[in-house]
Amino acid sequence: LDAAMIEIAREDARKAGEDPDAVSVAPWRWHDIRRTVATGMAAKRIAPHVVEAVLNHASGVLSGVAGVYNRYSYFDEKKAALAAWADHIAGLEGRETVTNVIKMRAKT
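Residues numbered from 1 in each chain as written. Predicted model: local features only at pLDDT ≥ 70, side-chain atom pairs only at ≥ 80, totals over all residues. Heavy atoms only, no water.

> Sorry if this is basic, but what is going on with the overall build of the chain here?
In terms of regular secondary structure, the chain is built from five helices and zero strands. Each helix and strand of the chain, placed in order from N terminus to C terminus, yields the pattern α-α-α-α-α. The proportion of buried residues among the 108 residues of the chain is 20%. Summarising the internal contacts of the chain: among those between residues at least 6 apart in sequence, 51% fall at separations of at least 24. For the chain, the computed accessible surface area is about 8300 Å², with 56% contributed by carbon and sulfur atoms. (Helix = DSSP H or I, 4+ residues; strand = E, 2+ residues; numbered from the N terminus. Buried < 20%, exposed > 50% of the residue type's maximum accessible area, 1.4 Å probe, protein only. Contact = heavy atoms within 4.5 Å. Areas by Shrake-Rupley, 256 points an atom, 1.4 Å probe, with all protein chains shown as cover.)

If you want it as structure tokens, here you go:
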């Protein structure tokens, strides 16, 4: 994944007339994506228990008695939350002010 990210970033740098060899990607972990999604969904006012359900967490809002007895799957709520997040990500494409997002495309 890192190699693909670098390749895309270098291609974008070439198109922008910048030095592709100067491109780098900051170290990251899969947990960083989970944190970004959780924070972004919270900023979109998605209920904390729905964010936790999306992340498959059993702590926080639904801990204790609620965590034991509430077996509702939140399927529709998770679907809506993930659709809202997908719309957010799609909206980032083409936004020139975003400098820390690397555009990714499907491998052909």
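> Hey, could you run me through the packing of aromatic side chains in this one?
We describe a pair of aromatic rings using the distance from one ring centre to the other and the angle between the two ring planes. Scanning the entire structure with this criterion turns up two aromatic pairs. Note on Trp28 and Trp30: the rings are 5.1 Å apart at their centroids and 80° apart in plane angle, and the pair reads as edge-to-face. (Phe/Tyr/Trp six-rings, centres within 6.5 Å; stacked < 30°, edge-to-face > 60°.)

> Help me understand unusual backbone geometry, please; the structure alone is not making it clear to me.
Negative phi characterises most residues that are not glycine, and trans characterises most peptide bonds. Positioned with a positive phi, Arg45 is a non-glycine residue whose angle comes to about 65°. Among the structural elements, Arg45 can be located in the loop between helix H2 (30–43) and helix H3 (48–54). Its identity is not glycine, yet Tyr74 carries a phi of approximately 60°, on the positive side. Structurally, Tyr74 is set in the loop between helix H4 (64–69) and helix H5 (75–92).

> I would appreciate a short explanation of the nonpolar core in the present structure.
When a protein is soluble and globular, its nonpolar side chains tend to lie buried together. Val37, Ala38, Met41, Ile46, Val50, Val51, Leu55, Ala81 and Trp85 together form the largest nonpolar core, which totals nine residues. Among the secondary structure elements, those contributing two or more residues to this core are H2, H3 and H5. Among the elements that take part in this core, H2 stands out by supplying three residues, more than any other. Those residues in contact with Val50 that sit more than four places away from it in its chain are Glu77, Lys78 and Ala81. (Core = buried A, V, L, I, M, F, W, Y, C linked by side-chain atoms within 4.5 Å.)

> In this structure, what is going on with the confidence of the model for the chain? I would like to understand it.
Parts of the model with low pLDDT should not have their predicted coordinates read in detail. On average, the chain scores 84 in pLDDT, and the residues at 70 or more come to 77%. Mean pLDDT per element in the chain: H4 is the minimum at 69, and H2 is the maximum at 95. (pLDDT = per-residue confidence, 0-100.)

> What's the story with a nonpolar patch on the surface in this structure? I'm lost.
Together, Leu1, Trp30 and Ile33 give the surface a local cluster of nonpolar side chains, amounting to about 340 Å² of exposed area. Position of Leu1 among the secondary structure elements: in the segment before helix H1 (2–15). With relative accessibility at 46%, the residue Leu1 sits in the partly exposed group. (Patch = residues over 30% accessible without salt bridge, like charges linked within 9 Å, V, L, I, M, F, W, Y side chains within 5 Å. Salt bridge = Lys/Arg side-chain N within 4 Å of Asp/Glu carboxyl O.)

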